[in-house]
Amino acid sequence: MSNSGSRAIVIGGSMGGLFAGILLRKSGWTVEIYERVSAALSGRGAGIVTHAELCAVLEAAGLDPKNDLGVAVQGRKTFDRSGHVIGTYQCPQIVTAWDRVFRMLLEAFPESNYHSGKELLRIEFPGEEVVAHFADGTCAEGEMLVGADGFRSTVRSQILPEVQPSYAGYVAWRGLVDEQALSERARKDLFDCLAFCLPPGEQMLGYPVAGPNNDLRVGHRRYNFVWYRPVSSEQLKDLLTDENGHTHSLSIAPALLRKDVIKDLRDAVRKLLAPQLQEAVNLNPQPLLQPIYDVETRHMAFGRVAILGDAAFIGRPHVAAGVTKAAEDAMALATALESGNDVPKALRIFEQSRMPVNRRIVERGRDLGVYLQPQLSTEEEYRKAEKHSTPASVMAEIAILDFLRG
Ligand SMILES: Cc1cc2nc3c(=O)[nH]c(=O)nc-3n(C[C@H](O)[C@H](O)[C@H](O)COP(=O)(O)OP(=O)(O)OC[C@H]3O[C@@H](n4cnc5c(N)ncnc54)[C@H](O)[C@@H]3O)c2cc1C
């Protein structure tokens, strides 16, 4: 069956949606992407660690991952509280900014087929067509709909309302700081590696990324930090409560974080982190709070509707696979649709190929993060916490996809 001229509706114009849009167009589909946010998307996730798998999908999408993808780091270091290196690990990788990959994708997709400010409210898929209804009263029709609408997915919640994000018991504080703002010592110690600092039951991780407009020149880059800290569900409610006493569900915009929450964070920085990494957090005026959730779906295909990326599975960030997973989901979708099968059958093939991998990514994230939970309940959790919390294991396991390749 030829896909030529078939219409695909993609909900969500971020990484997963753009990968799907570009790859489906390459195999002959007419693709319209609908993104809820009306302004340009930017800055989400700050830094990302790239993998060979991500580069392979970028190439398949006709993009050149060798063209200034990001900053090359040679290895990893763990710093103790006083700033001394207590362990190293050789591991060349490219680390980059979320914006860098997003821009590459956005530029490769026709502007006229990318519709901003279009919030999906619901879908209907009675027969050979899928209809998407938007908040502005308009609708779109196609032979297939792809839900790439992230962890609060409207598409998923309509089809699988029982699938809900499950809080992992800890949060990440994230942020970026300009290279020039850091001291000479911090620049020298931090810009050639992935740097770790491991206060008891916590994990700080940092790495360099490109500066604004993908500037990779020394002195013009930025430093990206991610600090995981255990936070009980009760404490999380407090962190998600703004100055007006309103408690937000799941996450809170950085500008709404209360002043006393930021002050507590700064106090903890002084007590717990290596001086080089203290600088990174303290120089960031508005850190971002990311509560860590797992999302695991039972299906990625429902007739003519598919879900992918964060809409289907969220693994904890320790695997650093969110963007790669969305890219590979999109690749598998496009490949399955090229097989000559009708759309529902092709989507089942897509689902069968991606469910096992995505489950392993979620499980791996849980294993690597178990020691950051405030409480451990089973012997298995204690065993995993011990295994994955030493400087040697952290450096050898975080943001590495070898477990999928074996
Ligand atoms: C703070 C943070 C840090 C991260 N760091 C990393 C990292 O280091 N490495 C890594 O690989 N990944 C990282 N990720 C994860 C990564 O950003 C995601 O896994 C990746 O962007 C998945 O893309 P997605 O398109 O599936 O979902 P998203 O990027 O969440 O995009 C979903 C899109 O759908 C839109 N949308 C939602 N609902 C609707 C609707 N009803 N109608 C229309 N549009 C809608 C949203 O506005 C959004 O643009 C991070 C994520 C966060 C939040």
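Residues numbered from 1 in each chain as written. Predicted model: local features only at pLDDT ≥ 70, side-chain atom pairs only at ≥ 80, totals over all residues. Heavy atoms only, no water.

## Section: the overall build of the protein chain
What counts here: Note on conventions: DSSP H or I runs of at least 4 residues are helices, E runs of at least 2 residues are strands, and numbering of each starts at the N terminus. Only C-alpha atoms enter the radius of gyration; for comparison, a globular chain is expected to reach 2.2 Å times N to the power 0.38, where N is the number of residues. Burial classification: accessible surface area is computed with a 1.4 Å probe over protein chains only, and a residue below 20% of its type maximum counts as buried, one above 50% as exposed, and the rest as partly exposed. Pairs of residues are marked as contacts when any of their non-hydrogen atoms sit within 4.5 Å.
The secondary structure content of the protein chain amounts to 13 helices and 18 strands. Here the protein chain has a C-alpha radius of gyration of 21 Å; the compact-globule value for 406 residues is 22 Å, and the two agree. On the principal axes, the C-alpha backbone points of the protein chain span a range of 65 × 45 × 40 Å. Looking at the protein chain as a whole, 56% of its 406 residues qualify as buried. Counting only contacts in the protein chain whose residues sit at least 6 apart along the sequence, the fraction spanning at least 24 positions is 70%.

## Structural notes on the packing of aromatic side chains
Here is the rule we go by: Ring pairs are drawn from Phe, Tyr and Trp, using the six-membered ring of Trp, whenever the two centres fall within 6.5 Å, and their geometry is named by plane angle: stacked under 30 degrees, edge-to-face over 60, tilted for the rest.
Applying the stated criterion to the full structure yields six aromatic pairs. Put simply, the rings of Phe151, Tyr167 and Tyr293 touch in pairs and so form one group of aromatic residues.

## A closer look at the sheet that holds strand 10 (residues 144-147)
Put simply, the rule is: In this description, strands pair whenever DSSP reports at least two bridges between them. Only the contacting stretch of a helix is used when fitting its axis, a line to C-alpha atoms as for every element, and angles between N-to-C directions run 0 to 180 degrees.
Reading across from one edge, 6-2-1-10-17-16 is the order of the six strands in this open sheet, with mixed pairing throughout. The open sheet has two free edges, formed respectively by strand 6 (114-115) and strand 16 (301-302), since each of these has just one partner strand. Here strand 1 (residues 7-11) runs beside strand 10; their pairing, made up of four bridges, is parallel. In the strand pairing of strand 10, Ala8 is matched with Met144. The strands that helix 10 (residues 343-369) touches are strand 10, strand 16 and strand 17 (305-307); relative to strand 17, the one it contacts most, it runs at about 20°.

## A few points about the sheet that holds strand 7 (residues 120-124)
Strand order in the open sheet formed by three strands is 7-8-9, and the pairing between neighbours is antiparallel. With one partner strand each, in any of the chains shown, strand 7 and strand 9 (139-142) form the two edges of the open sheet. On average, adjacent strands in this sheet sit at an angle of 20° to one another, irrespective of strand direction.

## A closer look at the side chain of Thr96
What counts is decided by this rule: In protein, a polar contact means a hydrogen-donor-capable atom and an acceptor-capable atom, both N or O and within 3.5 Å, with residues adjacent in sequence counting only if both atoms are side-chain atoms; elsewhere, any N or O pair within 3.5 Å suffices.
Secondary-structure assignment places Thr96 in strand 5 (residues 85-97). Within polar-contact distance, the side chain of Thr96 engages the backbone oxygen of Leu69 at 2.5 Å. Excluding its chain neighbours within four sequence positions, the residues that come into contact with Thr96 are Ala46, Gly47, Ile48, Thr50, Leu69, Gly70, Val101 and Val209.

## Let's talk about helix 9 (residues 322-337)
For the record, the criterion: Take the residue count of a helix, subtract one, and multiply by 1.5 Å to get its expected span.
Taking 1.5 Å of rise per residue, the 16 residues of helix 9 would be expected to cover 22 Å, and the 23 Å separating its terminal C-alpha atoms lies within 8% of that figure. With respect to burial, helix 9 is a largely interior element, 12 of its 16 residues being buried. Along helix 9, the residues that are buried comprise Val323, Thr324, Lys325, Ala326, Ala327, Asp329, Ala330, Ala332, Leu333, Ala334, Ala336 and Leu337.

## Examining the domain arrangement of the protein chain
Where we set the bar: All domain edges in this entry derive from an automatic or database-based domain assignment. Accessible area, probed at 1.4 Å, shrinks when two parts are joined; the buried area is that loss added up over both. Between Lys or Arg on one side and Asp or Glu on the other, a salt bridge is scored when a side-chain nitrogen of the former is within 4 Å of a carboxyl oxygen of the latter.
By domain assignment, the protein chain separates into domain 1 (7-64 + 100-165 + 293-405) and domain 2 (71-93 + 168-292). Placing the centre of domain 1 and that of domain 2 at their C-alpha centroids yields a distance of 25 Å. Listed per partner, the contact involves 30 residues of domain 1 and 35 residues of domain 2. Both sides of the domain 1 and domain 2 interface together cover about 2,600 Å² of buried area, and 62% of this is carbon and sulfur. Area buried by domain 1 at its contact with domain 2 is led by Tyr293, Leu372 and Met395, which between them contribute 29% of it. Counting across the domain 1 and domain 2 interface gives zero salt bridges. At the junction of domain 1 and domain 2, the tally comes to 13 residue pairs in polar contact (both at pLDDT 80 or more). Counting residues per element, the ones that place at least two in the side of domain 1 that touches domain 2 are strand 3 (47-49), strand 15 (288-296) and helix 12 (391-397). The element contributing the most residues to the side of domain 1 that touches domain 2 is helix 12, with four residues.

## Brief notes about the pattern of salt bridges
Pairing between side chains of opposite charge can happen when the charged atoms of each approach one another. Under the criterion given, the structure shown has 26 salt bridges. When the shortest N-O distance is used, the salt bridge between Arg258 and Asp238 registers 3.2 Å. With a gap of 20 residues between them, Arg258 in the loop between helix 6 (233-239) and helix 7 (259-272) and Asp238 in helix 6 connect regions that are remote in the sequence. Exposure remark for Asp238: the relative accessible area of 39% places this residue in the partly exposed category. Where Lys384 meets Glu380, a salt bridge forms, and the shortest distance between an N and an O atom there is 3.6 Å. Residue Lys384 and its partner Glu380 are located together in helix 11 (residues 379-387), separated by four residues, close to a single helical turn. Relative accessible area serves as the criterion here: at 18%, Lys384 is assigned to the buried category. Each of the salt bridges in this network shares a partner with another, and the network as a whole consists of Asp294, Glu296, Arg316 and Arg366.

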